[in-house]
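Structural overview for review
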Amino acid sequence: MDHVAPSPSVSFETSPDRYRHWKLTFDGPVATLAMDVDEDAGLRPDDYKLKLNSYDLGVDIELADALQRLRFEHPEVHTVLLTSLKPRIFCAGANIFMLGTSGHGFKVNFCKFTNETRLGMEDMSANSGIKFLAAINGICAGGGYELALACDEIYLVDDGSAAVSLPETPLLGVLPGTGGLTRVVDKRKVRRDLADHFSTLTEGLRGKRAVEGRFVDAVCPTSQFKEAVEKRVQELAAMSDRPASGPGVTFGPLEPVIDGDTIRYKYVTGEIDRAKRLCALTISAPEAPQPTTPEAFLAAGDQSWAIRAFRELDDALLRMRLNEPEIGTVLLRATGDPQAVLDVDAALLAHKGHWLVREITGLIRRTLKRVDLTAKTFFALVEPGNAFAGTLFELVLAADRAYMLDDPDTPNHVQLSAVSGGLYPMSNGLTRLETRFLGEPESVGKALAHEGPFDAAGALEAGLVFSSPDDIDWDDEVRMAIEERVSFSPDALTGMEANLRFAGPETMETKIFGRLTAWQNWIFQRPNAVGERGALMVYGREGRPSFDWKRT
Amino acid sequence: MISSERIPNNVDLGGNKRLQRALEHWQPKYLDWWREMGPQGFQQHHQVYLRTAVSVDAAGWAHFDYVKLPEYRWGIFLAEPTPQRKIGFGDFKGKDAWQEVPGEFRNPLRRLIVVQGDTEPASVEQQRELGQHCPSLYDLRNLFQVNVEEGRHLWAMVYLLHSYFGRDGRDEAEALLERNSGNADTPRMLEAFNEPIDTWLDFFAFTMFTDRDGKSQLLSLSESSLDPLARTTRFMLTEEAHHMFVGETGIARILERTCELMKESGFSGDVRRLGGIDIPLIQKFVNFWFSQSLDLHGSEVSSNAAAYFANGLKGRAEEDKYTDDHVLASDTYILDMLDESGRMSQQEVPMRNALNEVLRDWYVGDCQAGVDRWNKRVLEAHGMSERILLPSRKFNRRVGVYAGKHFDPLGHPISADEWERRNHEWLPTSADKAYLRSIQATPVFEPGKFANYIAPPARGINRQAIDFEYVRTEA
């Protein structure tokens with residue numbers, strides 16, 4: 001069968017010296033992240049210009065990179081001032097022409113990544129001791145306001161024209177899908193009718209009305225704006241428990257080796273089988289002794305396993321999402337010495353109050369969430385010699401199913417560590433064990449209290465794996481399960497998995513992915529948005545959209 | 001315990017650890033089931049002259065000897081492979097046949113095998129009391145031959161479940177022994193297999209009509225893209241032929257005897273007075289079992305049938321005799337349907353959806369040929385004017401477009417009232433059954449002797465004499 005070559009690859013790696021769209025500057029405990037989008041430097045410069053500080057995936061990849069470096073490379077940074085270098089323009093949101101000319105899958109992945117990045121900012125505020133203040137100096141529309149909403153506080157210049165707005169519905173026939181609607185009511189707790197009105201105003205709100213409705217925290221005249229912002233960021237910085245000075249850990253490039261359909265990092269390998277639409281994704285345990293103290297972690301820099309392996313996994317997941325849309329099923333394996341993973345866990349738990357250790361667990365936590373949110377099937381294959389222990393066992397729990405070989409002649413074990421008791425909560429706020437055992441909460445404590453490893457029968461009994469075929473059945477069971485899986489509708493699987501993975505309570509995060517994004521993805525498929533006369537398609541070109549008026 | 005000596009096979013049981021392990025659990029349960037649910041009263045002290053398949057070649061598939069029923073060597077046989085066999089129909093036509101189950105079709109294939117497998121032990125259960133009322137040792141032996149081979153057909157399906165469907169397959173194999181015919185809690189899957197077969201006329205009609213449904217199902221499965229399933233069912237067909245022989249000749253012999261009795265009774269028509277079975281009563285059993293077996297073919301318009309064909313799981317009987325493209329992507333079939341007012345109308349449906357009906361066409365034709373032989377070779381030969389009629393396929397249906405409607409045996413629509421008033425004319429009544437039970441109350445165990453209602457066969461089994469001791473009691 002013929003296979004379409006993968007579309008031009010997107011790389012998620014960059015560094016400040018290569019930024020085209022952001023300026024990152026430092027002044028004591030305050031970092032200023034200023035948007036200054038190069039309109040000719042979009043990912044597809046022939047198709048659209050990034051006017052008015054509008055953004056595409058490339059702009060957001062730089063933002064995500066900057067955030068990661070602030071976390072790890074700059075412990076002295078306690079507050080981030082998010083602003084713009086363009087006069088009277090903050091950010092006009094995602095580029096509409098980029099959206100209009102992108103395929104559905106790309107749009108979905110773009111929105112997912114931007115959502116994860118903004119949630120990463122809130123994660124920094126909640127867990128890293130880094131607050132964000134958005135200083136809005138002018139036009140702040142759609143995705144621009146959504147970016148501001150991800151900050152802890154929003155200051156808006158009161159110059160008679162600067163406004164915040166979510167014009168997606170009235171202007172484009174879509175939603176502010178990067179958390180906008182959710183954050184307005186869930187985070188900023190704007191009254192529903194005011195939010196409803198706001199979400200239909202093309203021009204948005206400015207000045208007093210914006211602050212009264214809680215759409216922003218403060219408005220200041222132009223003359224006082226800079227001073228007010230500076231005062232507030234210092235106050236926010238004073239609340240942080242981050243150290244006053246470095247050193248941090250500098251992130252060098254990952255430099256994976258790509259050889260045909262194989263991508264090989266130091267600890268992570270991805271091998272694609274295009275005919276079967278599978279990716280075998282293998283993560284290996286540390287093979288050399290790992291840091292056991294914060295000082296040792298600092299000394300190891302970006303080469304400690306805990307940082308390196310999860311940066312690699314994160315990068316591999318992102319590449320797979322964007323660049324390998326036809327690879328629908330991921331077979332997760334972990335190899336190496338499980339004790340080495342448990343030793344890392346012990347160090348992470350013993351020093352969890354240290355800023356760097358906190359960042360390392362944050363990196364792992366966000367990467368595991370990335371697995372949860374990846375629209376591909378994950379089957380964990382637990383075979384003899386596996387390293388699914390502690391932190392890596394979270395991958396088994398993140399998988400849609402785990403198959404564990406039960407061969408009486410070859411020992412095969414998995415092991416939990418205390419990290420599964422709360423270090424890596426999912427976006428629903430629960431641990432993966434709690435989510436898994438929603439109907440039998442006692443099983444969480446039992447699994448965590450279990451001394452030592454589980455063999456296959458024990459893991460099955462404890463509800464930790466889906467199936468434990470014996471050596472005679474293994475090959476066939478696993479083969480048939482995979483063949484069956486890849487034969488199902490990819491759309492139905494995406495919906496099915498997204499519904500089954502997040503049992504339990506709703507959080508703002510689950511609402512963003514489960515409600516806002518799901519509706520947005522529906523709207524993105526509808527003729528009212530993307531038909532010939534759909535709102536997204538006629539925007540800025542010709543006349544009014546023409547709608548099918550039926551509601552369901 | 002699991003050895004090729006005890007279990008004749010051509011599937012390399014000795015080298016197949018998976019199969020050995022599965023059978024170690026299953027075989028003792030099978031033997032328990034056989035003792036409990038198999039032929040009653042003939043397990044311990046009787047030796048039966050039976051055919052046992054010990055290999056698939058001409059010499060081996062029909063090895064005759066005396067054997068105690070529980071010691072019958074149920075074997076596992078696949079017909080010889082066709083080298084480089086290709087898929088013969090459906091969307092995968094022309095591709096290599098599957099030597100393993102594709103994950104995508106695991107569930108529908110398992111379902112097909114389980115449904116087929118469920119019928120095999122069911123008929124043994126249905127017939128378990130019959131031996132106590134046999135019309136001759138010859139018939140008793142035939143009953144047991146049918147029974148042990150239905151048991152072997154269960155083994156054949158269990159072999160597939162054990163070898164190709166993992167743990168789910170093993171669970172299903174056990175469940176095949178846990179469901180029982182007529183059991184209120186765990187009945188057999190298909191309704192026709194929950195009706196008791198407690199008279200020999202039922203038995204002959206069942207083997208004539210219902211086993212023939214088995215034949216058409218096996219023919220269509222023997223076309224399957226899953227090569228082990230195709231080969232297994234091809235070998236089963238060689239044994240199934242004997243079952244239909246038992247049914248067709250059984251009824252022929254009853255008709256034969258009935259003709260003789262009619263002559264003896266001076267054409268008064270009162271055959272029952274002489275202990276025979278009158279033709280109208282035989283006709284009722286034909287009506288009943290034929291219509292039941294029609295239902296087994298499923299609905300006239302079926303998305304399952306279409307999917308089975310499209311995916312190459314189940315073809316048409318004797319697929320290579322069809323001259324079309326064997327893909328049937330755009331072919332159509334004209335069906336007699338009922339419109340909303342109950343009027344008959346002809347409707348064009350996609351051929352793939354109509355394949356149950358196509359198989360039913362094949363089945364009706366095969367039944368008609370058998371009925372024609374009865375009429376010609378027995379009734380006509382005796383100068384009788386009566387004929388056995390195969391009823392219309394609309395008659396007495398509970399599945400498909402005619403279910404819930406009423407038709408007489410000629411297929412004319414009738415009212416519910418008329419059906420209530422007259423169905424006793426067409427279908428066996430409890431009085432009919434009581435009469436049949438009365439004439440078979442005393443079994444005939446003397447070699448060469450036959451009950452009064454049935455004629456001896458033309459010849460014995462395996463060239464043995466008719467008065468051969470086909471079943472003997474151990475001293």
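Worth saying up front: this structure is predicted, and the values here are computed from it rather than measured. (Residues numbered from 1 in each chain as written. Chains lettered and ligands numbered in written order. Predicted model: local features only at pLDDT ≥ 70, side-chain atom pairs only at ≥ 80, totals over all residues. Heavy atoms only, no water.)

1. Some points on the overall build of chain A
On a plain count of helices and strands, chain A comes out with 22 helices and 20 strands. In summary, chain A has a C-alpha radius of gyration of 24 Å against a globular reference of 24 Å for 552 residues, a match within 12%. Based on the C-alpha atoms only, the size of chain A along its principal axes is roughly 75 × 55 × 45 Å. By the burial criterion, 58% of the 552 residues in chain A qualify as buried. Accessible area of chain A: about 22700 Å², with a carbon and sulfur share of 53%. Across chain A, the 60 positively charged side chains and the 80 negatively charged ones have centroids separated by 8 Å. (Helix = DSSP H or I, 4+ residues; strand = E, 2+ residues; numbered from the N terminus. Rg over C-alpha atoms; globule rule 2.2 N^0.38 Å. Buried < 20%, exposed > 50% of the residue type's maximum accessible area, 1.4 Å probe, protein only. Areas by Shrake-Rupley, 256 points an atom, 1.4 Å probe, with all protein chains shown as cover. Lys, Arg positive; Asp, Glu negative; His and termini not counted. Charge placed at Lys NZ, Arg CZ, Asp CG, Glu CD.)

2. Description of the overall build of chain B
Each helix and strand counted, chain B has 11 helices and five strands in total. A compact globule built from 475 residues would reach a C-alpha radius of gyration of about 23 Å, and chain B, at 23 Å, matches this within 12%. By principal-axis analysis of the C-alpha atoms, chain B measures approximately 70 × 65 × 40 Å. Each of the 475 residues in chain B was classed as buried or not, and the buried ones make up 59%. If you take every contact in chain B between residues at least 6 apart in sequence, the share linking residues at least 24 apart comes to 72%. Carbon together with sulfur atoms contributes 48% to the accessible area of chain B, which is approximately 19100 Å² in total. (Contact = heavy atoms within 4.5 Å.)

3. Overview of helix H19 (residues 490-501) of chain A
Owing to its 3.6 residues per turn, the α-helix brings residues three or four apart onto one side. Residues and elements named next belong to chain A. Taking 1.5 Å as the rise per residue, H19 with 12 residues should run 16 Å; its terminal C-alpha atoms sit 16 Å apart, in good agreement. Looking at the buried side of H19, the elements it contacts are helix H13 (355-372), strand E17 (377-382), helix H15 (432-436) and helix H18 (474-487). Residue Ser-489 occupies the N-cap position of H19, its side-chain oxygen lying 3.2 Å from the main-chain nitrogen of Asp-491. (Expected span 1.5 Å × (residues − 1). Polar contact = N/O pair within 3.5 Å; in protein donor to acceptor, adjacent residues only side chain to side chain.)

4. Here's the deal with the packing of helix H1 (residues 17-37) of chain B against helix H4 (residues 166-178) of chain B
Residues and elements named next belong to chain B. Axis separation between H1 and H4 bottoms out at 10 Å; the angle between their running directions is 10°. Relative to H4, H1 is oriented roughly parallel. On H4, the residues touching Ala-22, His-25, Trp-26, Lys-29, Tyr-30 and Trp-33 of H1 are Arg-170, Ala-173, Glu-174 and Leu-177. Across the contact of H1 with H4, the residue classes tally to six nonpolar, one polar and three charged. (Axes fitted to C-alpha atoms, helices over the stretch in contact; angles between N-to-C directions. Parallel < 35°, antiparallel > 145°, perpendicular 65-115°, else oblique. Nonpolar A, V, L, I, M, F, W, Y, C, P; charged D, E, K, R; others polar.)

5. As for the interface of chain B and chain A
Listed as interface residues are 16 residues of chain B and, on the opposing side, 11 residues of chain A. Together, the buried faces of chain B and chain A total about 1300 Å²; carbon and sulfur atoms form 38% of this surface. Of all residues in chain B, Arg-18, Arg-21 and Arg-106 of chain B give up the largest surface area on contact with chain A, accounting jointly for 37% of the area buried on that side. On inspection of chain B and its partner chain A, the count reaches eight salt bridges. We note a salt bridge from Asp-470 of chain A to Arg-21 of chain B, for which the minimum N-O separation is 2.7 Å. The tally of links from chain B across to chain A stands at nine residue pairs in polar contact (both at pLDDT 80 or more). Listed by contribution, the elements that provide at least two residues to the side of chain B that touches chain A are H1, helix H2 (106-126), helix H3 (137-164) and H4 of chain B. Taken together, the residues of the side of chain B that touches chain A sort by class into four nonpolar, four polar and eight charged. (Buried area = accessible area lost by both parts, 1.4 Å probe. Salt bridge = Lys/Arg side-chain N within 4 Å of Asp/Glu carboxyl O.)

6. Focus: the sheet that holds strand E8 (residues 139-141) of chain A
Taken in spatial order, the three strands of this open sheet run E5-E8-E10 (chain A), and their pairing is parallel. Edge positions in the open sheet fall to strand E5 (89-91) and strand E10 (164-165) of chain A, since each of these has one partner strand only. (Pairing = 2+ DSSP bridges.)

7. Observations concerning the side chain of Glu-116 of chain A
Residue and element names in this part refer to chain A. Looking at the secondary structure, you find Glu-116 in helix H3 (residues 104-128). Look at Glu-116 and you get buried, because its relative accessible area is 12%. Beyond its immediate chain neighbours, meaning those up to four positions away, Glu-116 contacts Arg-321, Arg-370, Leu-373 and Phe-513.

8. Section: the sheet that holds strand E2 (residues 30-35) of chain A
Residues and elements named next belong to chain A. Read from one edge to the other, the open sheet built from six strands follows the order E1-E2-E4-E7-E9-E11, with strand pairing classed as mixed. The sheet is open, and its two edges are formed by strand E1 (22-27) and strand E11 (218-220), each paired on a single side. The mean angle between the axes of side-by-side strands here comes to 20°, regardless of whether they run parallel or antiparallel. Lying over the sheet, helix H1 (residues 57-73) contacts E1, E2, strand E4 (79-84) and strand E7 (131-136), oriented at roughly 20° with respect to E1.

9. Re the domain arrangement of chain A
Residue and element names in this part refer to chain A. Under the domain assignment, chain A is made up of domain 1 (16-238) and domain 2 (259-496). Between domain 1 and domain 2, a total of about 1400 Å² is buried, with carbon and sulfur atoms accounting for 53% of that surface. Together, Phe-72, Asn-109 and Glu-116 form the three largest contributors to the area buried by domain 1 at its contact with domain 2, with a combined 37%. For the pair domain 1 and domain 2, the interface holds four salt bridges. Taking the shortest distance from any N to any O, the salt bridge between Arg-370 and Glu-116 comes out at 2.7 Å. Where domain 1 touches domain 2, the interface holds 10 residue pairs in polar contact (both at pLDDT 80 or more). Where the side of domain 1 that touches domain 2 is concerned, the elements lending two or more residues are H1 and H3. (Domains from an automatic or database assignment.)

10. What about the confidence of the model for chain A?
On average, chain A scores 95 in pLDDT, and the residues at 70 or more come to 98%. Throughout residues 1-7 of chain A the model reports pLDDT below 50, and contacts reaching past four residues in sequence, or to other chains, amount to five contacts. (pLDDT = per-residue confidence, 0-100.)

11. What about the side chain of Lys-86 of chain A?
Residues and elements named next belong to chain A. Topologically, Lys-86 is positioned in the loop between E4 and E5. A relative accessible area of 18% places Lys-86 in the buried class. Apart from residues lying up to four places away in sequence, Lys-86 is in contact with Met-35, Asp-36, Val-37, Asn-53 and Asn-137.

12. Here's the deal with unusual backbone geometry
Between Gly-246 of chain A and Pro-247 of chain A the backbone carries a cis peptide bond, its omega angle lying at 0°. Relative to the assigned elements, Pro-247 of chain A resides in the loop between helix H9 (222-238) and strand E12 (257-259). The phi dihedral of Arg-463 of chain B is positive, around 60°, even though this residue is not glycine. Residue class for Arg-463 of chain B comes out exposed when judged on its relative accessible area of 84%.

13. Some remarks on the environment of Leu-160 of chain B
All names here are of chain B. Along the polypeptide, Leu-160 turns up in helix H3. For the pair formed by Leu-160 and Cys-134, sequence separation is 26 residues and the distance between their alpha carbons is 35 Å. With residues near it in sequence (within four places) discarded, Leu-160 still touches Ile-113, Phe-165, Pro-228, Leu-229 and Thr-232.

14. Describing the pattern of salt bridges
Oppositely charged side chains may form a pair once their charged atoms are brought near each other. Per the stated rule, a full pass over the model turns up 84 salt bridges over all chains. Note that Asp-241 of chain A and Arg-358 of chain A form a salt bridge whose closest N and O atoms lie 2.8 Å from each other. Separated by 117 residues along the polypeptide, Asp-241 of chain A in the loop between H9 and E12 and Arg-358 of chain A in helix H13 bring together distant segments of the chain. A residue is classified by how much of its surface remains accessible, and Asp-241 of chain A, at 51% relative accessible area, is exposed. Take Arg-358 of chain A: its relative accessible area is 17%, and that puts it in the buried class. Taking the shortest distance from any N to any O, the salt bridge between Arg-257 of chain B and Glu-260 of chain B comes out at 2.9 Å. Note that Arg-257 of chain B and Glu-260 of chain B are positioned in helix H6 (residues 227-264) at a spacing of three residues, about one turn of the helix.

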